[in-house]
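One-letter residues, chain by chain:
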Amino acid sequence: MNSPLAAPAAITPLQVSSRTSGKRQALFNAKEFQRQLAGAESAIAVFKQQLKHSRALLDERFIAGENIENLLQDQSWLIDQILRQAWRRHGMSEATDISLVAVGGYGRGELHPYSDIDIQILLQHGRLKAKYRASIEAFLTFLWDINLQVGQSVRSISDNSTEAAKDLTIATALLESRTVCGNPELHEQVLRKLSQKKIWKQASFFSAKTAEQARRHRKFDDIEYSLEPNLKSSPGGLRDIQTIGWIARHYFGTGDFKELVLRGFLLRSEYRELIQARAFLWKLRYALHMLNQRSEDRLLFENQRRVAELFGYHNDDNSRAIEKLMQQYYQVVLTVRRLNDLLLQLFEEEILNANKKTKVLPLNERFQVRGNVIEVRHDRVFQKSPSALLEIFVLMAQHRNIDSIRASTIRLLRNGLPLIDDKYRNDPRNTAMFMELLRSPHHMVGILRKMKHYGILSAYLPEFGRIVGQMQHDLFHIYTVDDHTLQVMENMRRFRHPEAVEKFPLCSQIIHQIPKLELLYIAGLYHDIAKGRGGDHSLLGIKDAEEFCERHHLGKWDAMLVGWLVENHLVLSRVAQREDIQDPEVIKAFARKVSDQTRLDYLFLLTVADINGTNPSLWNTWRASLLRKLYTFTKRALAQGLEVTVGKAARVEETRTLALALLKEAGITPEQAEQLWRGAGDDYFLRENPEDILWQTQAVAAHADAKEPLITIRNTLDLEGREGASQLFIRAPRTTFLFANLSSACERLNLNIVDARFYPLHGRQCYISLMVLEADGEPLQLTPPRLREIDEKLRHYVEASQALPGKHRGPPTRKQRHFTRNTVTTLTNNENKPYSILEVLCLDRPGLLAVIGHIFVELNIKMHNAKITTMGENVEDVFFITDEHNRPLRDPALADTLQTRIRERLDAELSR
């Protein structure tokens, strides 16, 4: 690797081989083009037609599957011919003191159909700008007239030296520049001057380019797995490949990756990986340009479907075509990221650290630490001791000062992957080391990420390898399954940190109570392991989890717990968000399923970690309070004993007694309270807690005019203001359209209803309790202006004598148009329940509750309770309803009409 520094050489002109000459002749025939120009009234029309014709030919070759590198070179060659013709028309072809230079992707010969065509008009001297000003302006205007997207600069030879010294982007562009037409000696002089002045010394250039890459990665949160990635700029994208080429060209004088093989920086196998990855990204980018008929580097949702169809992916029972395309994309960018990391580390050793002496600390006969980097002590370590493939990561966990693995050792790790077979996976030495890693107090998840990055984790756990890069095509899951899995485990680790007390107060307590942390981590590792196989992943994953436990010699109780957690990892969230957790029967049924406190603790931790690892925006104060309440109620039920039955009557009496005691302390006698509660049924005392009843009753007692609606609001935050929502309490006349109007009012106020409860009272009055959040998922900021706005809007809608329209709904958003899904409804009746349960699963959109509320009005259906859950673009709402006579909807015709109207109207809303 010890090569002399080389001055950057000029990019050679795009050559025409015998293999490509015929195709290029079809793309552009100079004689025929000149003939058309000679007989045309408008040269612009001839140029435009030529571009249109040639691009269509290139697109046909692309669809036919021609080598993408040839296509990009031919696209660049085509633009060369067009620019030469335009240059000639503007009288500059014979001049020796001016030339046209290609830079950027155009200079490299990697031009995509609608990429910017970066050019520099190069002058021998700065004083020539005046001489050529009119010709240059006319030339550039002509290029825009023929619809070429041109990025241009006009500089002299000395200007280039000055600007390149100040601007890394300009210096980089000159590395990959070439003469298109005019005097090539001018360009050669630029390169010689840059070399003689040693502008951007090797170390400075390397440091600047790596810092530039780091800044770019941070813009994308330093993750490869974006839902809508940018093919050029996202981590693992084309820019990462180009960064390698720029550094290589600046240091070695060539950007040809074959040269890196010859110099020992790349293995031939790695070279093939890099070239194949680049070709795949190039094909994706070409397809985006072709399909959109413009420059487009973002793989947006709507583009993903079209590209998947173009590339021949198909839906099957396990996954959609889009998911197959994106899984391949994610695996490719993971490869690019790995090779980019490896090469940059090798370049750093060569360019920055070649003459530095670093202290070496032996760890054992296989490994040593150089600075803060671990490396093998000889090249045969993994061949002689295959267990060292895991041992190196255990050592990293044991020594907190080690933060990376040396590039040459990474390469040996990769070469050692075939050593990991079934015999290896069942070797007690290896299973013990993996369990030691899971029990490590430091950097455990970060080390698992490194193992995934280098392919070790997928080799050791093949079931994990099947989910690497697997996306879930929705807005709910923002990570791929493998990245989500590791994020869940990272969240579990964070529960043990002091800062978790603020955001996850209950988790920060429970995490110190569970007997074996590693069982929680294993459940996190396996909870989604069966995604993408078809069927219920919770059930399919049990087998993999139990086999892992058996192979790693865990006890029977441990294995049963892990399997149970994998099977039930969605249950706590579902019950909390979709069932009536104020109902003692719901709590008792859930407690029986959990069966003991230890399971409840593990399940709660897994659930919170899972939600936050799916999409952090899903975690809000309301969702936190629901889960905590279910945990608390279940813990109490388990402590009382599963054989003890606390009926609704006992629960109602307990709440009523506690509320009366609180009110007495506040100066309201039991007789006054009973009068204010007149007509309130058991549901009121079953679903409201004594503290809420105190606040509501005080508000009713203080309300002077009983004929006027009462509207009051407060933030009901628990645990020092960290969990809960804002509560709207209303006393108003009962009408069939009250829920519809309240939904419309909240829509106009940009409030999200997350829970709604209606309680009938004496004299056709009712209490309404709404839990609401702002659009950002946070409780309301109860400033005087906001309180006035809420009161005025709600009062207007509550006092209305008919159903009022909600906010005007515009057309669906770009993402809503892409995520099409038919509305699904189910209506169930339970013999023991005095109401029917309506579930609505559909895509989220403004005004959804108002639409459903108006359908209730049309069919004289009463809504008593509602639980509103939004997951990304999906809504899972549950309504507890009766007919106009307060009976469950047992009439099949009415039930069918209700569901049909909801489905048809909601689906029509999205198709507008």
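Going by the structure above, here's the rest.
Quick look at the structure, then. (Residues numbered from 1 in each chain as written. Predicted model: local features only at pLDDT ≥ 70, side-chain atom pairs only at ≥ 80, totals over all residues. Heavy atoms only, no water.)

Along its length, the protein chain carries 42 helices and 16 strands. Reported as C-alpha extents along the three principal axes, the dimensions of the protein chain are approximately 105 × 80 × 50 Å. The proportion of buried residues among the 912 residues of the protein chain is 56%. Long-range contacts, defined here as pairs at least 24 residues apart, represent 72% of the contacts in the protein chain between residues at least 6 apart. With 123 positive and 113 negative side-chain charges, the protein chain shows a spacing of 6 Å between the two charge centroids. (Helix = DSSP H or I, 4+ residues; strand = E, 2+ residues; numbered from the N terminus. Buried < 20%, exposed > 50% of the residue type's maximum accessible area, 1.4 Å probe, protein only. Contact = heavy atoms within 4.5 Å. Lys, Arg positive; Asp, Glu negative; His and termini not counted. Charge placed at Lys NZ, Arg CZ, Asp CG, Glu CD.)

We now examine the sheet that holds strand β2 (residues 117–123). Read across the sheet, 4 strands follow the order β3-β2-β1-β4 without closing on themselves; strand pairing throughout is mixed. Both edges of this open sheet fall to β3 (150–156) and β4 (178–182), since each of them pairs with a single strand only. The average angle at which neighbouring strand axes cross in this sheet is 25°, direction not considered. Where β2 and β3 come together, 7 bridges link them in parallel fashion. (Pairing = 2+ DSSP bridges. Axes fitted to C-alpha atoms, helices over the stretch in contact; angles between N-to-C directions.)

Glancing now at the pairing of strand β16 (residues 874–882). Most of β16 is tucked away, with 8 of its 9 residues classed as buried. Sheet topology note: the strand β14 (residues 836–843)/β16 ladder contains 8 bridges and is antiparallel. Within β16, the position partnered with L841 by the bridge is E876.

Counted under the stated rule, the structure contains 29 aromatic pairs. Where F62 meets Y286, the ring centres are 4.4 Å apart and the plane angle is 25°; that geometry is what we call stacked. Of this pair, F62 sits in helix α3 (residues 43–63) while Y286 sits in helix α13 (residues 268–292), and the two are 224 residues apart along the sequence. Y286 gets classed as buried once you look at its relative accessible area, which sits at 1%. An aromatic cluster of three or more residues is present, and its members are W677, Y684, F685, W695, F729, Y759 and Y767. The ring of Y106 has R178 lying over it, and the distance from NZ or CZ to the ring centre is 5.0 Å. (Phe/Tyr/Trp six-rings, centres within 6.5 Å; stacked < 30°, edge-to-face > 60°. Lys NZ or Arg CZ within 6 Å of the ring centre and 35° of its normal.)

Here the focus is the sheet that holds strand β6 (residues 367–370). Taken in spatial order, the 4 strands of this open sheet run β5-β6-β7-β8, and their pairing is mixed. Of all the strands in the sheet, just β5 (360–362) and β8 (404–405) have a single pairing partner and so form its edges. Summarising the sheet, β6 and strand β7 (residues 373–376) pair through 4 bridges and their orientation is antiparallel. Across the sheet, the residue bridging to Q368 is E375, located in β7.

With that out of the way, let us pick up the pairing of β7. Along β7, one buried face is formed by V373 and E375 and the opposite face, lined by I374 and V376, is buried too. The hairpin turn running from β6 into β7, its antiparallel successor, is 2 residues long, and G371 in that turn takes a positive phi close to 70°. One ladder, built from 2 bridges, connects β7 with β8; its direction is parallel. Bridge pairing links I374 to I405 in β8.

This part takes up α13. The end-to-end C-alpha separation of α13 is 36 Å, in line with the 36 Å expected for 25 residues at 1.5 Å each. The positive-phi residue at the C-terminal boundary of α13 is Q293, with phi of around 55°. (Expected span 1.5 Å × (residues − 1).)

All told, the structure shown has 58 salt bridges when counted by the stated rule. Here K131 ties to D97 by a salt bridge, and the two come within 3.3 Å at their closest N and O atoms. Of this pair, K131 sits in helix α6 (residues 128–145) while D97 sits in the loop between α4 (68–89) and β1 (98–102); the two residues are 34 residues apart in sequence, bridging distant segments of the chain. Classification of K131 by relative accessible area gives exposed; the value is 53%. Here E858 makes a salt bridge to R901, at a shortest N to O gap of 3.0 Å. Remark: R901 occurs in helix α42 (residues 892–911) and E858 occurs in helix α41 (residues 848–858); sequence separation between them is 43 residues. With a relative accessible area of 30%, R901 lands in the partly exposed category. In this structure, a network of salt bridges that share partners links the residues K23, R24, R61, E66 and D74. (Salt bridge = Lys/Arg side-chain N within 4 Å of Asp/Glu carboxyl O.)

For the structure shown, the criterion picks out 0 disulfides. As a non-bridged cysteine, C766 has C746 as the owner of its nearest cysteine sulfur, 14 Å distant. (Disulfide = S-S within 2.5 Å.)

Turning our attention to unusual backbone geometry. Although it is not a glycine, Q293 adopts a positive phi angle of roughly 55°. Following the sequence through the fold, Q293 ends up in the loop between α13 and α14 (301–310). Taking relative accessible area as the criterion, Q293 reaches 48% and is therefore assigned partly exposed. One non-glycine residue with positive phi stands out, namely H443, at about 60°.

Moving on, we get to the packing of α4 against α6. It is the contact of α4 with α6, at a shortest axis distance of 10 Å, that shows an interaxial angle of 140°. With respect to α6, the axis of α4 lies oblique. The two elements α4 and α6 cross, and the hand of that crossing is right-handed. Across the interface between the two elements, L83, A86 and W87 of α4 pack against F139, F142 and L143 of α6. The class makeup of the residues in the contact of α4 with α6 is 6 nonpolar, no polar and no charged. (Parallel < 35°, antiparallel > 145°, perpendicular 65-115°, else oblique. Left-handed = near helix turned anticlockwise from the far one by under 90°. Nonpolar A, V, L, I, M, F, W, Y, C, P; charged D, E, K, R; others polar.)

The next thing to look at is the packing of helix α38 (residues 738–748) against α41. Between α38 and α41, the shortest axis-to-axis distance is 8 Å and the interhelical angle comes to 165°. Considered as vectors, α38 and α41 are oriented roughly antiparallel to each other. Pair α38 / α41 crosses with left-handed handedness. From α38, F739, A740, S743, S744 and E747 reach across to α41, where they touch L849, A850, G853, H854, F856 and V857. Considering only residue class, the contact of α38 with α41 consists of 6 nonpolar, 4 polar and 1 charged.

Among the structural elements, K833 can be located in the loop between β13 (824–829) and β14. Classification of K833 by relative accessible area gives buried; the value is 12%. Taking the C-alpha atoms as reference points, K833 and A45, 788 residues apart in sequence, are found 76 Å from one another. A polar side-chain atom of K833 sits 3.5 Å from a polar atom in the side chain of E585. (Polar contact = N/O pair within 3.5 Å; in protein donor to acceptor, adjacent residues only side chain to side chain.)

By the element assignment, S295 lies in the loop between α13 and α14. Owing to a relative accessible area of 37%, S295 belongs among the partly exposed residues under this scheme. Along the sequence, S295 and S115 sit 180 residues apart, while their C-alpha atoms lie 5.5 Å from each other. Beyond its immediate chain neighbours, meaning those up to four positions away, S295 contacts Y114 and H289.

So, about the environment of Q781. Mapped onto the fold, Q781 is located in the loop between β12 (765–774) and α39 (784–798). Residue Q781 is classed as exposed on the basis of its relative accessible area, which comes to 57%. Considered as a pair, Q781 and P184 are 597 residues apart in the sequence and their alpha carbons are 67 Å apart. The residues contacting Q781, other than those within four sequence positions of it, are E774 and R786.

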